[in-house]
Amino acid sequence: MVLPILTISAVLLLLGYAVYWRRSQSRRRAKDWDSIVSRLRSNSEFGFADVTERYLYSDQINATPADIWRRIDGANGLWAMFTNAGVLLELADYASEHGENVPEQLIEELRSDALQLRVAVLISLVKYGFSRSGVAASVHAHRAASAYSAMLAHMTMLFQEHSALFFPRFLESM
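Owing to the predicted nature of the structure, the values given are computational and were not obtained by experimental measurement. (Residues numbered from 1 in each chain as written. Predicted model: local features only at pLDDT ≥ 70, side-chain atom pairs only at ≥ 80, totals over all residues. Heavy atoms only, no water.)

1. Points about the packing of helix α5 (residues 104-131) against helix α6 (residues 134-162)
Interaxial distance between α5 and α6 falls to 8 Å at its minimum, and their mutual angle equals 160°. By the angle class used here, α5 and α6 are roughly antiparallel. Between α5 and α6 the crossing geometry is left-handed. When its residues are assigned to classes, the contact of α5 with α6 shows 19 nonpolar, five polar and four charged. (Axes fitted to C-alpha atoms, helices over the stretch in contact; angles between N-to-C directions. Helix = DSSP H or I, 4+ residues; strand = E, 2+ residues; numbered from the N terminus. Parallel < 35°, antiparallel > 145°, perpendicular 65-115°, else oblique. Left-handed = near helix turned anticlockwise from the far one by under 90°. Nonpolar A, V, L, I, M, F, W, Y, C, P; charged D, E, K, R; others polar.)

See below:
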């Protein structure tokens with residue numbers, strides 16, 4: 001008696017989630033450039049411009065793990081990178097839909113960068129929140145900054161090579 005009820009409940013939950021996911025994907029695809037960019041936080045707002053000199057063209061970080069936390073404004077900068085990762089993925093999807101011959105490998109590299117970034121940010125915030133250890137949080141903040149820098153370099157490559165019409169608008173938003 002209980003097993004059929006659980007089975008039906010599980011199927012209904014999966015169907016409900018599938019409908020929700022499908023609607024959110026269609027809403028995401030319907031957004032235009034300006035509505036996506038409006039959610040992007042500027043890199044100078046949380047001090048990422050102080051961490052690297054040419055953050056759109058190189059993934060090199062000019063800060064040690066010891067001082068990265070201070071330079072990116074701690075948890076505020078980490079959270080800005082976390083939210084920007086999702087927005088940058090939306091921009092990449094937009095560019096791949098409206099661009100020319102965007103290689104799937106580049107999109108997958110961006111997704112990988114975003115995943116690495118988000119994991120490093122979450123670990124850093126947890127370590128900072130529970131232990132108040134600046135060392136552990138700084139090491140993971142450095143990893144997050146490296147992943148964010150790699151993601152920005154890949155985004156620049158995407159717009160320069162495959163969506164040249166959007167490249168000036170991308171530079172303005174950063």
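Moving on from the model shown.
2. Observations regarding the environment of N76
With respect to the helices and strands, N76 occurs in helix α4 (residues 74-98). For the pair N76 and E45, spaced 31 residues apart in sequence, the C-alpha to C-alpha distance is 9.8 Å. A distance of 3.2 Å separates the side chain of N76 from the side chain of R41, its partner in a polar contact. (Polar contact = N/O pair within 3.5 Å; in protein donor to acceptor, adjacent residues only side chain to side chain.)

3. What about unusual backbone geometry?
The backbone of D73 sits at a positive phi, close to 65°, despite the residue not being glycine. Of the residues examined, D73 reaches a relative accessible area of 45% and is grouped as partly exposed. (Buried < 20%, exposed > 50% of the residue type's maximum accessible area, 1.4 Å probe, protein only.)

4. Some details on the nonpolar core
Nonpolar side chains tend to gather and get buried jointly when the protein is soluble and globular. Grouped together as the largest cluster of nonpolar side chains are 47 residues, with contacts concentrated most on F48, L88, L91, Y148, M155 and F159. Mapped onto this core, the elements with two or more residues apiece are α2 (33-37), α3 (65-71), α4, α5, α6 and α7 (167-173). Broken down by element, this core gets its largest block of residues, 12 residues, from α4. The contact partners of L88, leaving out residues within four places of it in the chain, are L40, Y148, M151, L152, M155 and F170. (Core = buried A, V, L, I, M, F, W, Y, C linked by side-chain atoms within 4.5 Å. Contact = heavy atoms within 4.5 Å.)

5. Regarding the side chain of H142
Among the structural elements, H142 can be located in helix α6. Note on H142: relative accessible area 19%, which makes it buried. If we ignore the near neighbours within four places in the chain, the residues touching H142 are I61, A63, T64, P65 and I68.

6. Observations concerning the packing of aromatic side chains
Applying the stated criterion to the full structure yields three aromatic pairs. Geometrically, the ring pair formed by W79 and F82 is stacked, given 4.7 Å between the ring centres and 10° between the ring planes. In this pair, W79 and F82 both sit in helix α4, three residues apart, roughly one turn of the helix. Overall, the relative accessible area of 41% leaves W79 in the partly exposed class. In this structure F82 comes out as buried when scored by relative accessible area, which is 15%. One Lys or Arg, R118, reaches over the ring of F82 and ends 4.5 Å from the middle of that ring. (Phe/Tyr/Trp six-rings, centres within 6.5 Å; stacked < 30°, edge-to-face > 60°. Lys NZ or Arg CZ within 6 Å of the ring centre and 35° of its normal.)

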